[in-house]
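Chain by chain, the residues:
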Amino acid sequence: MTRSPSPQPGIMEIKLYQGGASRVEGRDQVIKLSSNENPFGPSKAAQAAFAETAATLHRYPATDHADLRAAIGAVRGLDPDRIICGAGSDEIIAFLCQCYAGPGCEVIITEHGFSMYRISALAAGATPVEVAERERVVDVGAILAAVTERTRLVFIANPANPTGTMLPNVELERLADGLPPECLLVLDGAYAEFAAGYDGGAALVEARDNVVMTRTFSKLYGLGGLRIGWGYAPRVIIDVLNRVRGPFNLSATQLATAEAAVRDEAYAAWYIGENARLRAWLTGALRDLGLGCDDSHANFVLARFASEKEANANEARLRGEGILVRKVAGYNLPNCLRITVGDAPDCRRVVAVIGAGREAAA
Ligand SMILES: *Cc1c(COP(=O)(O)O)cnc(C)c1O
């Protein structure tokens, strides 16, 4: 009898995460609009803090992240004792699945939801249950109808990726109210700062026992390369998550850079303004070309073409011009392309290339 090591149930069902493309064969300069990165990079203050850590890298980092949690709390008006920090919000999502789901448990995700929810649910041995959306918007009624006695977690991103759409607070409240008390609602706020007037779900977390918010430094603060995220939850849940968190899950460099970034409120406010202005321009220009484009509340837009073939042809045409955007067939949106809002010249070039293609086809 031959025996060999075999992975836990569910692991082999995981499809490897597909990141946004970053290279074009034969080009050394590309415009990368495929990963929703801040086109202007991290703030100068964050870069300086990063560099300053070089001389003290022989020291282990803090295990409690007290300084970073205090900075986030001060800037956002939140209780630092309800914050947990991780290597990207991806790590917080993984902690949540590890702690609250497992074999025999169901995790609700939505039709166009972010792929890490499914990956983390499967990694924990749980069963992802996919619920339909309505015209690219999360459907609260459909989620509530899908809840069973085995449901432990519900993941939605608000604003959502890759659709850019969002639910108003009343709908979030209806969802939180409708879930059984043993079921945790996770509001992924990776793009919350780009949505005018939205707190990412912080008030909802404070008002209930079963709502968690996740946030990231990867988008607004331009620190995707450094891997820093955080979660906001009732204290009992933070206590649970801290038990599985590695004591040194964030380096001294990550902690110091993130703290400087969150304290540089002027830079964040400037980028939020630029993004809103350019997002409106890009949305209008794509609509003028005859494409479908929902109002986006994030730092990207989703362009809808007549067919998958047309979407793929436009992706290839853009790539030929050194512009990388994201195909989203893997998110059940085969006729769409997700385009990060770049700087003004980037936005103009995207529109020019798509426009020239449509003229040639007409
Ligand atoms: C980019 C993104 C994240 C952030 O992931 P990090 O691990 O913090 O880089 C989380 N959720 C969604 C929906 C995202 O698009």
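Quantities reported herein were computed from a predicted structural model and do not represent experimental measurements. (Residues numbered from 1 in each chain as written. Predicted model: local features only at pLDDT ≥ 70, side-chain atom pairs only at ≥ 80, totals over all residues. Heavy atoms only, no water.)

### Some points on the packing of helix α3 (residues 89-100) against helix α8 (residues 235-244)
So, point 1. At their nearest, the axes of α3 and α8 sit 9 Å apart, and the two run at 100° to each other. In terms of axis orientation, α3 runs roughly perpendicular to α8. In contact with Phe95, Leu96, Gln98, Cys99 and Tyr100 of α3, α8 contributes Ile237, Val240, Leu241 and Val244.
So, point 2. Among the residues making up the contact of α3 with α8, the classes are represented as eight nonpolar, one polar and no charged. (Axes fitted to C-alpha atoms, helices over the stretch in contact; angles between N-to-C directions. Helix = DSSP H or I, 4+ residues; strand = E, 2+ residues; numbered from the N terminus. Parallel < 35°, antiparallel > 145°, perpendicular 65-115°, else oblique. Contact = heavy atoms within 4.5 Å. Nonpolar A, V, L, I, M, F, W, Y, C, P; charged D, E, K, R; others polar.)

### Some points on the site of the ligand
So, point 1. Neighbouring the ligand are 13 residues; Asp188, Tyr191, Thr216, Ser218 and Lys219 lie closest to it.
So, point 2. At a separation of 3.0 Å, an oxygen atom of the ligand approaches a polar backbone atom of Asp90.
So, point 3. At 2.6 Å from a nitrogen atom of the ligand is found a side-chain nitrogen or oxygen belonging to Asp188.
So, point 4. Considered on its own, the ligand offers 380 Å² of accessible surface; in the complex 94% of this is hidden by protein.
So, point 5. Taken together, the residues of the shell around the ligand sort by class into four nonpolar, five polar and four charged. (Near = heavy atom within 4 Å. Polar contact = N/O pair within 3.5 Å; in protein donor to acceptor, adjacent residues only side chain to side chain. Areas by Shrake-Rupley, 256 points an atom, 1.4 Å probe, with all protein chains shown as cover.)

### With respect to the domain arrangement of the chain
So, point 1. Structurally, the chain comprises domain 1 (18-41 + 266-361) and domain 2 (44-263).
So, point 2. For domain 1 versus domain 2, the distance between C-alpha centres works out to 26 Å.
So, point 3. Between domain 1 and domain 2, the contact holds 23 residues from the first and 23 residues from the second.
So, point 4. As a salt-bridge pair, Asp294 and Arg136 come within 2.7 Å of each other at their nearest N and O atoms. (Domains from an automatic or database assignment. Salt bridge = Lys/Arg side-chain N within 4 Å of Asp/Glu carboxyl O.)

### So, the pairing of strand β8 (residues 229-232)
So, point 1. The side-chain alternation of β8 yields two buried faces, one formed by Gly229 and Gly231 and the other by Trp230 and Tyr232.
So, point 2. Taken together, the four bridges between strand β2 (residues 83-86) and β8 define a ladder with antiparallel strand orientation. Its bridge partner lying in β8, Gly86 is registered against Gly229.
So, point 3. Of the pairings in the sheet, the one linking strand β7 (residues 211-216) to β8 comprises four bridges and is antiparallel in character. Bridge assignment links Met213 to a residue of β8, and that residue is Tyr232. (Buried < 20%, exposed > 50% of the residue type's maximum accessible area, 1.4 Å probe, protein only. Pairing = 2+ DSSP bridges.)

### Side note on the packing of aromatic side chains
So, point 1. All told, the structure shown has ten aromatic pairs when counted by the stated rule.
So, point 2. An aromatic cluster of three or more residues is present, and its members are Phe40, Phe194, Tyr267, Trp270 and Tyr271.
So, point 3. For Arg338, the ring lying beneath its charged end belongs to Phe300, and the centroid distance is 5.6 Å. (Phe/Tyr/Trp six-rings, centres within 6.5 Å; stacked < 30°, edge-to-face > 60°. Lys NZ or Arg CZ within 6 Å of the ring centre and 35° of its normal.)

### Comments concerning the side chain of His112
So, point 1. Among the secondary structure elements, His112 is positioned in the loop between β3 (106-110) and α4 (115-123).
So, point 2. Look at His112 and you get buried, because its relative accessible area is 6%.
So, point 3. At a separation of 2.8 Å, a polar atom in the side chain of His112 contacts the main-chain carbonyl oxygen of Tyr331.
So, point 4. With sequence-adjacent residues up to four places away left out, His112 is seen in contact with Glu133, Arg136, Asn161, Pro162, Thr163, Tyr331, Asn332 and Leu333.

### Quick word on the sheet that holds strand β11 (residues 326-327)
Neighbouring strands of a sheet are bound in pairs by backbone hydrogen bonds; such pairs are parallel or else antiparallel.
So, point 1. Taken in spatial order, the three strands make up an open sheet running β9-β12-β11, and their pairing is antiparallel. Across the chains shown, the open sheet's two edge strands, defined by having one partner strand only, are β9 (300-304) and β11.
So, point 2. The sheet contact formed by β11 and strand β12 (residues 336-340) spans two bridges and is antiparallel. Directly across from Arg326, in β12, lies its bridge partner Arg338.
So, point 3. Running at roughly 35° to β12, helix α11 (residues 308-320) makes contact with β11 and β12 of the sheet.

### Comments concerning the state of the cysteines
So, point 1. Following the criterion strictly, the structure yields zero disulfides and no others.
So, point 2. Cys105 carries a free sulfur, and the closest cysteine sulfur to it, the one in Cys97, is 10 Å from it.
So, point 3. We note that Cys336 lacks a disulfide partner, and the nearest cysteine sulfur, in Cys293, lies 9.5 Å from it. (Disulfide = S-S within 2.5 Å.)

### Let's talk about the environment of Glu91
So, point 1. Mapped onto the fold, Glu91 is located in helix α3.
So, point 2. In this structure the C-alpha to C-alpha distance between Glu91 and Gly231, which are 140 residues apart in sequence, comes to 9.7 Å.
So, point 3. Residue contacts for Glu91: discarding those within four places in its chain leaves Gly86 and Asn249.
So, point 4. A polar contact of 2.6 Å, which involves the side chain of Glu91, links it to the backbone nitrogen of Ala87.

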